[in-house]
Amino acid sequence: MDLPEGLDWVRGSPAGRDWLAILPTWLAECTERWSLRLGPPFEYAYASLALPVDLPDGTAAVLKLQYPDDDSRHEADALAHWDGDGAIRLLAHDRQRRALLVERCQPGTALHELPMDRALDAVTALLPRLWRPTGAPFTPLAEEAAGWIDRMPGNWERAGRPYERRLLDAALDLLAGLAASQGEQVLVNQDLHAGNVLAADREPWLAIDPKPLTGEREFSVVPMVRGRELGHSPAAVRHRLDRLSTELGLDAERVRGWTIGHTLAWSIADDVVLPHQVEVVRWLLGGD
């Protein structure tokens, strides 16, 4: 089947090729199960095959067939927990096929289309609604951070030591200290950047595509702080950190620490280095 360009990377691994082999069957089965009329896939989708669909009653929705990674394993659970309050509604879920039928945002304009400060206004209004106390089945942030700490040195070595050792050491120290000293645990989303908040007719802005964990509130703004969508410069990153911390009542030093740790943990993917992530870490450690 023809895939959007955003999914080209899955062909590079045996697990990805296995997923591609079963994908046409699962798509056909979901289409029949939910009596869907399919549109062409969204080209920007990176971690799932996502298509606009119409339900038999004419409801506009999106069908997502997720690549089976751990980060998005509990996306449906998070959407069900929020139940449409600040996030898209989950309409149906097939756990075996990692298939989600979700509300379609219309017009679907991404938050990064706004100037940075107007986008941050929207974020400060939206995020507190998503901070809901919860527990199982979501992975605790402390457990996830332990995994980053365990994997980061090896990833750094395999990628050819692509950045200074001082960045790695600082990130490891920060993650260890922060994970062990967190505040109240709520549902947080480690991928809430400005491309994953869309304009909708039901509400002005709704979150999509969560990668949920349970952790302290300070962690939840990390993707907005580091994300390139609202500007990529030392001044822009620090402005987002300061505004979000101040207006949401967060500890700015903990936000800074989580941003350094998580950003560096996500700076190497399948031995491919993401230089913009490393730049954010340098800026926040004082190296412009």
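Scroll up a little and you will see the structure.
Quick look at the structure, then. These numbers were taken from a predicted model, which means no experiment stands behind them.

Analysis parameters
- Residues numbered from 1 in each chain as written.
- Predicted model: local features only at pLDDT ≥ 70, side-chain atom pairs only at ≥ 80, totals over all residues.
- Heavy atoms only, no water.
- Helix = DSSP H or I, 4+ residues; strand = E, 2+ residues; numbered from the N terminus.
- Expected span 1.5 Å × (residues − 1).
- Bend = angle between axes of the 7 residues up to and from the residue.
- Buried < 20%, exposed > 50% of the residue type's maximum accessible area, 1.4 Å probe, protein only.
- Contact = heavy atoms within 4.5 Å.
- Pairing = 2+ DSSP bridges.

With that settled, consider helix H4 (residues 141-158). Between its terminal C-alpha atoms H4 stretches 25 Å, which fits the 26 Å expected from 18 residues at 1.5 Å a residue. At arginine 151, H4 shows its largest kink, close to 35°, and the proline proline 153 lies no more than four residues downstream. All of the buried residues in H4 are Leu141, Glu144, Ala145, Gly147, Trp148, Met152, Asn155 and Trp156. The inward-facing, buried residues of H4 abut helix H5 (165-179), strand S9 (212-215), helix H8 (252-265) and strand S10 (268-269). Glycine 160, located one to two residues past H4, shows a positive phi value of around 85°.

In terms of burial, strand S2 (residues 48-54) is largely enclosed, as six of its seven residues are buried. Both strand S1 (residues 37-38) and S2 contribute to a ladder of two bridges, which runs antiparallel. Paired with arginine 37 across the bridge in S2 is aspartate 54. As paired strands, S2 and strand S3 (residues 60-66) are joined by seven bridges and run antiparallel to one another. Across the sheet, the residue bridging to serine 48 is glutamine 66, located in S3. Connecting the antiparallel pair S2 and S3 is a turn made up of five residues, with glycine 58 showing a positive phi of about 90°.

So, on to unusual backbone geometry. With the exception of glycine, most residues fall at negative phi, and the peptide bonds are largely trans. A cis geometry characterises the amide bond from glutamine 106 onward to proline 107, with omega recorded as 15°. Mapped onto the elements, proline 107 comes out in the loop between strand S5 (99-103) and helix H3 (116-130). In the segment running from alanine 136 into proline 137, the intervening peptide bond is cis, with an omega of 10°. A positive phi is found at arginine 98, a non-glycine position, where the angle reads about 50°. Note on placement: arginine 98 falls in the loop between strand S4 (90-94) and S5. The backbone of aspartate 209 sits at a positive phi, close to 50°, despite the residue not being glycine. Counting through the fold element by element, aspartate 209 comes out in the loop between strand S8 (205-207) and S9.

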